[in-house]
Amino acid sequence: MRDSEEIGKAVHAAVEAAVWAPSVHNTQPWSFVVSGEEISVRADTGRRLPVEDPAGREMLISCGAALFNVRLALRGLGHEPVVRLLPDPDRPVLLALVRPGGAVQPDEHTRLLHAQIERRRTHRGDFTGEPLPDRFVEAVCREAAAEGVRLTPVRSGPAVRALAAVTRAAQEVQSQDSGFSLEVLRWSRSPESRRRDGVPADAYPRSSAQDGDSGLFPGDGSLFARRDYARGRPWGYERAWDRERAQDRPEAGPPELVAVLTTAGDEREDWLRAGQGLQRALLFASAYGVRAAFHTQALELYHLREFVRHGLCSGEHPQMIMRMGLTEEEAGTVRRPLEEMLDERP
Ligand SMILES: Cc1cc2nc3c(=O)[nH]c(=O)nc-3n(C[C@H](O)[C@H](O)[C@H](O)COP(=O)(O)O)c2cc1C
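Residues numbered from 1 in each chain as written. Predicted model: local features only at pLDDT ≥ 70, side-chain atom pairs only at ≥ 80, totals over all residues. Heavy atoms only, no water.

On to the overall build of the chain. Helix and strand counts for the chain come out as nine helices and nine strands. For the chain, the C-alpha radius of gyration of 20 Å lies close to 20 Å, the compact-globule estimate for 346 residues. Once the C-alpha set of the chain is aligned to its principal axes, its extents read approximately 65 × 40 × 40 Å. Here the chain holds 346 residues, and 55% of them are scored as buried. In the chain, the share of contacts with a sequence separation of at least 24, taken over all contacts with a separation of at least 6, comes to 79%. (Helix = DSSP H or I, 4+ residues; strand = E, 2+ residues; numbered from the N terminus. Rg over C-alpha atoms; globule rule 2.2 N^0.38 Å. Buried < 20%, exposed > 50% of the residue type's maximum accessible area, 1.4 Å probe, protein only. Contact = heavy atoms within 4.5 Å.)

In structure tokens, the structure reads:
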């Protein structure tokens, strides 16, 4: 017989796990209704970014990552998740219905990923420069593939440089545009802030004009622009990164892994799958001490996204651009309290 109290606890724990998902600018654009044993995963459209994300693509990738955590937590707690994706065309904010199915014994892989849900962090600094073993790269790509999406390492120097150049161009364009700039400002938090959403000031390294840091990352001459959350203010943690060591890097190729996550289609369902595949790959990486940095600015500008799609992704739709590597730095993050996003019904 199934123990309903135990199932209730697992369902609650699954929602607690969901909120640890990454989300664009830490908007946490989700809400949950627990009704009996069933979890409704919903998009909180008031948290969509109207300028950067008018179609809600990034919002749904974020929610897809949260959905993956729900599935993983249920399985990790011994319940096979039963999922209906986009169950009701008349209720577009209802993204998924999930309930615990039959009992399962979580395997080692499930336990490995489950343990990373609260440990995974987005990285915004540099990496140590140690290359990632090929076996790891192949394995992390398999994790994304298991969710029906493609994570492709970008190996050639020219392709990495092209991707970095497009990212720089997008960052430049967005920084000149008041709509984009105000949106970043709206979601960046000062060191004194008590808010539990947005990007906190300890989530990225401090930029310093004196040491020539322009927010760009060296490596193979490729320079990936990062989002400018501080906007000239002395926010951010002190770098652990050794600039001199970075300058000794061999010119042969980028020291970290540059990768693009793509989907065959570009509909809401594809975005939810992209989020699930992303989160699965990130948790796997985290289990091996590997962090990811995202550079998604170019995917928010139609023509640049089309350029990346046709020039670098063989026509597949790019959903995330990232670098992966090892780091000694530990970024901070915040989450809203569960009560704000959970509605529990009998
Ligand atoms: C769709 C999507 C796009 C993102 N784009 C960027 C980005 O361009 N730059 C960046 O620094 N972080 C990016 N992030 C990471 C979020 O800012 C991060 O997940 C959020 O601040 C919460 O922090 P955490 O992942 O460390 O918990 C993105 C995340 C998602 C899901």
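To continue, consider the pairing of strand E4 (residues 94-103). Of all the ten residues making up E4, seven are buried; the element is thus mostly covered by neighbouring parts of the structure. For strand E2 (residues 38-43) and E4, the ladder comprises four bridges, and the chain directions are antiparallel. When the sheet's bridge partners are listed, arginine 42 is paired in E4 with leucine 94. Note that strand E3 (residues 79-85) and E4 share six bridges and pair antiparallel. Paired with valine 83 across the two strands is valine 98, which belongs to E4. (Pairing = 2+ DSSP bridges.)

A separate point is the site of the ligand. In the vicinity of the ligand there are 20 residues, among which Thr122, Arg124, Arg227, Thr296 and Arg335 approach most closely. Phenylalanine 294 is positioned such that a nitrogen or oxygen atom in its backbone is 3.1 Å from a nitrogen atom of the ligand. Arginine 335 places a side-chain nitrogen or oxygen 2.7 Å from an oxygen atom of the ligand. In the complex, 98% of the free accessible area of the ligand, which totals 620 Å², lies under the protein chains. A class-by-class count of the residues in the shell around the ligand yields six nonpolar, eight polar and six charged. Taken together, domain 1 (4-118 + 337-345) and domain 2 (134-325) each give at least three residues to the shell around the ligand, which thus spans both. (Near = heavy atom within 4 Å. Polar contact = N/O pair within 3.5 Å; in protein donor to acceptor, adjacent residues only side chain to side chain. Areas by Shrake-Rupley, 256 points an atom, 1.4 Å probe, with all protein chains shown as cover. Nonpolar A, V, L, I, M, F, W, Y, C, P; charged D, E, K, R; others polar. Domains from an automatic or database assignment.)

A word on the domain arrangement of the chain. Partitioning the chain into domains gives domain 1 (4-118 + 337-345) and domain 2 (134-325). Computed from C-alpha coordinates alone, the two centres of domain 1 and domain 2 are separated by 24 Å. Taken together, the contacts link 35 residues of domain 1 with 38 residues of domain 2. Counting the surface lost from both domain 1 and domain 2, the interface buries some 3,200 Å², and carbon and sulfur atoms represent 62% of this. When the area that domain 1 buries against domain 2 is broken down by residue, the three leading residues are His25, Glu52 and Arg57, summing to 22%. The interface formed by domain 1 and domain 2 holds three salt bridges in total. Its salt-bridge partner being aspartate 197, residue arginine 47 comes within 3.0 Å of it at the nearest N-O pair. Our count for the domain 1 to domain 2 interface comes out at 15 residue pairs in polar contact (both at pLDDT 80 or more). Of all elements in the fold, only helix H2 (57-76) and helix H3 (108-114) reach the threshold of two or more residues within the side of domain 1 that touches domain 2. When grouped by side-chain class, the residues that make up the side of domain 1 that touches domain 2 number 21 nonpolar, nine polar and five charged. (Buried area = accessible area lost by both parts, 1.4 Å probe. Salt bridge = Lys/Arg side-chain N within 4 Å of Asp/Glu carboxyl O.)

Oppositely charged side chains may form a pair once their charged atoms are brought near each other. In the structure shown here, the tally under the stated rule is 21 salt bridges. Salt-bridge contacts for glutamate 147 lead to arginine 280; the nearest nitrogen and oxygen are separated by 2.9 Å. Linking glutamate 147 in the loop between helix H4 (134-145) and strand E5 (150-153) with arginine 280 in helix H8 (residues 268-287), this pair joins segments that are 133 residues apart in sequence. One exposure class covers both glutamate 147 and arginine 280, and it is buried.

Once that is clear, we can look at the sheet that holds strand E9 (residues 342-345). Strands sit in the order E3-E4-E2-E1-E9 across an open sheet of five strands; the sheet is mixed. Only two strands of the sheet have a single neighbouring strand rather than two, namely E3 and E9. Neighbour-to-neighbour, the strand axes of this sheet turn through a mean angle of 20°, independent of strand direction. Taken together, the six bridges between strand E1 (residues 30-35) and E2 define a ladder with antiparallel strand orientation. Directly across from tryptophan 30, in E2, lies its bridge partner alanine 43. Sheet contacts for helix H1 (residues 4-18): E1, E2, E3, E4 and E9; angle to E1, the most-contacted strand, approximately 175°. Sheet contacts for H8: E3 and E4; angle to E3, the most-contacted strand, approximately 155°. (Axes fitted to C-alpha atoms, helices over the stretch in contact; angles between N-to-C directions.)

Looking now at the sheet that holds strand E8 (residues 317-325). The antiparallel open sheet is built from four strands, whose spatial order is E5-E6-E8-E7. The open sheet has two edge strands with one neighbour each: E5 and strand E7 (291-294). Each neighbouring strand pair of the sheet contributes to a mean axis angle of 35°, computed without reference to strand direction. Inspection of the sheet shows strand E6 (residues 257-263) paired to E8 by seven bridges, in the antiparallel sense. Across the sheet, residue threonine 263 finds its bridge partner in E8, namely histidine 317. Packing of H4 onto the sheet brings it into contact with E5, E6 and E8, and relative to E5 it is tilted by some 155°.

Axis separation between H4 and H8 bottoms out at 7 Å; the angle between their running directions is 150°. Considering only the axes of H4 and H8, their crossing is right-handed. For the pair formed by H4 and H8, the contact residues are Phe136, Ala139, Val140, Glu143 and Ala144 on the first element and Gly277, Arg280, Ala281, Phe284 and Ala285 on the second. Partitioning the contact of H4 with H8 into residue classes produces seven nonpolar, one polar and two charged. (Left-handed = near helix turned anticlockwise from the far one by under 90°.)

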